[in-house]
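Below, each chain spelled out in residue letters.
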Amino acid sequence: MQIFHNPVHDKHAGRQEMFRGKLVPCHETPARLEYVLDALRERGIGNLLAPSSPDLDLIKRVHTPRYVDFLASAWQDWVALDPANADTDILPSVWPVRGFRHDIEPTNFAARVGLFSFDSGCPLTAGTWEAAAAGAACAIDAARAVTAAGGPRAAMALTRPPGHHAGADFFGGYCFLNNAAIAAQALRDAGAERVAILDVDYHHGNGTQSIFYERGDVLTVSIHGDPTTEYPFFLGYADERGEGAGRGANLNLPLAAGTEFATWTQALQQGLSAIQAFNADAVVIALGVDTYEGDPISKFKLKSVDYLEVGRKLANLGLPTVFTMEGGYAVADVGINVANVLEGHGR
Ligand code: OKP
Ligand code: ZN
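Computed from a predicted structure; not experimentally measured.

Engineer: Which parts of the structure should I look at to understand the overall build of the protein chain?
Structural biologist: When helices and strands are counted, the protein chain shows 10 helices and 10 strands. A globule of 347 residues ought to have a C-alpha radius of gyration of about 20 Å, and the protein chain, at 19 Å, matches this closely. Seen through its C-alpha atoms, the protein chain measures out along the principal axes to roughly 55 × 45 × 40 Å. By sequence separation, contacts in the protein chain at least 24 residues apart represent 77% of the contacts at least 6 residues apart. In the form shown here, the protein chain has an accessible surface area of approximately 13700 Å², with 52% of it arising from carbon and sulfur atoms. Side chains of the protein chain carry 27 positive and 40 negative charges; the gap between the two charge centres is 2 Å.

Engineer: Teacher, can you tell me more about the nonpolar core here?
Structural biologist: Soluble globular proteins: nonpolar side chains tend toward being buried together. Judged by nonpolar contacts, the single largest core of 51 residues is most densely connected at Leu 198, Trp 264, Ile 275 and Phe 323. Sorting elements by how many residues they give to this core places helix H8 (residues 261-278) first, with 8 residues. With near-sequence residues (within four places) excluded, Leu 198 lies in contact with Val 221, Ile 223, Leu 268, Leu 272, Ile 275, Val 284, Ile 285, Ala 286 and Leu 314. Counting residues in hydrophobic clusters, the runner-up holds 49 residues, among them Ala 142, Ala 143, Ala 192 and Val 218.

Engineer: Help me out: how do you make sense of the coordination of the zinc ion (ligand 2) in this one?
Structural biologist: Ideal values differ by geometry: the angle at a metal is 109.5 degrees with four tetrahedral donors, but 90 or 180 degrees with six octahedral donors. Around the zinc ion (ligand 2), the donor atoms from the protein are Asp 201 (OD), Asp 201 (OD), His 203 (ND1) and Asp 290 (OD), and they sit 1.9 to 2.7 Å away. Here the zinc ion (ligand 2) is ringed by 6 donor atoms whose angles at the metal span 53 to 158°, and the overall shape comes out irregular. Each donor residue of the zinc ion (ligand 2) lies on one chain, and together they are spaced D-x1-H-x86-D. You can see His 203 sitting in the loop between strand E6 (195-199) and helix H7 (206-212) and its partner Asp 290 sitting in the loop between strand E9 (282-287) and helix H9 (306-315), a full 87 residues away along the chain. Assessed through its relative accessible area of 0%, Asp 290 is described here as buried.

Engineer: In this structure, what is going on with helix H5 (residues 128-147)? I would like to understand it.
Structural biologist: Residues three or four positions apart in an α-helix share a direction because the helix packs 3.6 residues into each turn. Along its 20 residues, H5 runs 29 Å from first to last C-alpha, staying within 8% of the 28 Å computed at 1.5 Å per residue. H5 sits mainly inside the fold: 16 of its 20 residues count as buried.

Engineer: I tried to follow empty space enclosed by the protein on my own but got confused; where do I start?
Structural biologist: Left-over empty space is what a probe sized like a water molecule reveals as it rolls over the atoms. A full pass over the atoms with the stated rule returns 2 cavities of 30 Å³ or more. Put simply, the largest cavity is a space of about 60 Å³. Around the largest cavity sit Ile 197, Asp 199, His 204, Gly 205, Thr 208, Gln 209, Thr 220, Val 221, Ser 222, Asn 250 and Asn 252, which together line it. Looking at which element gives the most residues to the lining of the largest cavity, the answer is strand E7 (residues 218-225), with 3 residues. Estimated volume of the second largest cavity: approximately 50 Å³. The wall of the second largest cavity is formed by His 12, Gly 14, Cys 26, Glu 28, Cys 122, Pro 123, Tyr 174 and Phe 176.

Engineer: What is the right way to look at the pattern of salt bridges in this model?
Structural biologist: Opposite charge on two side chains makes pairing possible when the charged atoms of those side chains draw close. Here the structure, examined in full by the defined rule, presents 17 salt bridges. In this structure, the salt-bridge partner of Glu 105 is Arg 112, at a minimum N-O distance of 2.7 Å. The class of Glu 105 is partly exposed, set by a relative accessible area of 34%. One salt bridge in this structure joins Arg 188 and Asp 217, with 2.7 Å as the shortest N-O distance. On the criterion of sequence distance, the pair formed by Arg 188 in helix H6 (residues 179-189) and Asp 217 in the loop between H7 and E7 is long-range, its members being 29 residues apart. What makes Asp 217 buried here is its relative accessible area of 16%.

Engineer: What is the right way to read the packing of aromatic side chains from this model?
Structural biologist: The relative placement of two aromatic rings is captured by the distance of their centres and the angle of their planes. Applying the stated rule across the entire model yields 11 aromatic pairs. Ring plane angle 25° and centroid distance 5.3 Å describe the contact between Phe 171 and Phe 176, whose orientation is recorded as stacked. Residue Phe 171 shares its accessibility class with Phe 176, and that shared class is buried. Following the ring pairs from residue to residue traces out a cluster consisting of Phe 118, Phe 170, Tyr 231, Phe 233 and Phe 234. One Lys or Arg, Arg 194, reaches over the ring of Phe 278 and ends 4.1 Å from the middle of that ring.

Engineer: Looking at this structure, I do not really get the pairing of strand E1 (residues 2-5). What am I missing?
Structural biologist: Consecutive residues of a regular strand have side chains that alternate between opposite faces of the sheet. Note: E1 against strand E4 (residues 47-49), 3 bridges, orientation parallel. Bridge pairing in E4 links Ile 3 to Leu 48. Here 4 bridges tie E1 to strand E5 (residues 154-158), and the two strands are oriented parallel to one another. Paired with Gln 2 across the bridge in E5 is Ala 155.

Engineer: Would you mind showing me how to read the packing of helix H1 (residues 30-43) against helix H10 (residues 331-345) here?
Structural biologist: Each packed pair of helices is defined by two parameters, the angle between the axes and the distance between the axes. It is the contact of H1 with H10, at a shortest axis distance of 7 Å, that shows an interaxial angle of 45°. By the angle class used here, H1 and H10 are oblique. The interaxial crossing formed by H1 with H10 has right-handed handedness. Where H1 abuts H10, its residues Ala 31, Arg 32, Tyr 35, Val 36, Ala 39, Leu 40 and Arg 43 lie against Val 331, Ala 332, Val 334, Gly 335, Ile 336, Val 338, Ala 339, Asn 340, Leu 342 and Glu 343. Partitioning the contact of H1 with H10 into residue classes produces 12 nonpolar, 2 polar and 3 charged.

Rules of the game
Residues numbered from 1 in each chain as written. Chains lettered and ligands numbered in written order. Predicted model: local features only at pLDDT ≥ 70, side-chain atom pairs only at ≥ 80, totals over all residues. Heavy atoms only, no water. Helix = DSSP H or I, 4+ residues; strand = E, 2+ residues; numbered from the N terminus. Rg over C-alpha atoms; globule rule 2.2 N^0.38 Å. Contact = heavy atoms within 4.5 Å. Areas by Shrake-Rupley, 256 points an atom, 1.4 Å probe, with all protein chains shown as cover. Lys, Arg positive; Asp, Glu negative; His and termini not counted. Charge placed at Lys NZ, Arg CZ, Asp CG, Glu CD. Core = buried A, V, L, I, M, F, W, Y, C linked by side-chain atoms within 4.5 Å. Buried < 20%, exposed > 50% of the residue type's maximum accessible area, 1.4 Å probe, protein only. Donors = N, O, S within 2.8 Å, 3.2 Å for Na, K, Ca; no water. Tetrahedral: all angles 85-135°; square planar, octahedral: opposite > 155°, others 65-115°. Expected span 1.5 Å × (residues − 1). 1 Å grid on protein atoms, 1.4 Å probe; cavity = no way out; pocket = protein on both sides within 12 Å on 5 of 7 lines; lining within 4 Å. Points joined across faces, edges and corners; volume = space filled by probe spheres on them. Salt bridge = Lys/Arg side-chain N within 4 Å of Asp/Glu carboxyl O. Phe/Tyr/Trp six-rings, centres within 6.5 Å; stacked < 30°, edge-to-face > 60°. Lys NZ or Arg CZ within 6 Å of the ring centre and 35° of its normal. Pairing = 2+ DSSP bridges. Axes fitted to C-alpha atoms, helices over the stretch in contact; angles between N-to-C directions. Parallel < 35°, antiparallel > 145°, perpendicular 65-115°, else oblique. Left-handed = near helix turned anticlockwise from the far one by under 90°. Nonpolar A, V, L, I, M, F, W, Y, C, P; charged D, E, K, R; others polar.

Any functional reading would require information that these geometric values do not contain.
Right, here's the structure in full:
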């Protein structure tokens, strides 16, 4: 297992997110990744590698160029409004909803932040772009590793911020660049004709789904808390099956809050069967461990030992595999749980 870890992940450290009308400390913290690195080093799992520089051309074929350019310059535009802004992270406050115009791009900074986002819980900070771009580079390197002749059968993009909520032209849900989608595109570019993305994070991978919704070459599968009650609420229902060339190439497996491993694993089996039926040449696992019983913002009941079994089941696909790091907020246990998946998958 080659593990590309983001050496500048901690440049993204949001101060506060909006919750019930108040600004509260961010759940998505740099410590999360440090716990994973510690667990992997302690248990001798994987070879830790630094990423190369990000391939912006590839990133701009997954995300729109104007969104990527917005992210790259957002912080300097923010500080240009008022130098005192450097002490405050960017949070959106206005969005173009139903009935508004979607064919215009206001020049006002707050309007542009809203245009490119979907929630107010996702601060954009001074180092967000640098961290997110290096994370995308990890995803690309992991994809190129598993498709190289003589390469490992699995590789991981061990990075934060996570990616699966980021769409072609929006950030939200702690995510800015969709690392799983970028890995899938890199796999396609490297010759995999059919790629599957299996998202096992507690939250529906709305960004990933929307990026590939009309494509038949990338199957998207997500197992997640039922969006009727769980974030991101407005996508992730079972009747979303893809459109146009992508019809049939999206599978949502929503489960009720409170779901335990015995039930969760049945959904996993359904997802794995769909990937086999799709005849995928390679798979991307959007690995969130916020399905854990101790997670502070999620409501499934997986135990640490269950993640070993998850890793074994994923390995049974027998496909070149790229893992991307998504959620998991029981900070001190995130390392154990991620290491268990990778150990179950095999070194
Ligand atoms: C990102 B990932 C809790 C608010 C939670 C956003 C959750 C994003 C999860 N007070 N809001 O899928 O783990
Ligand atoms: Zn999540």
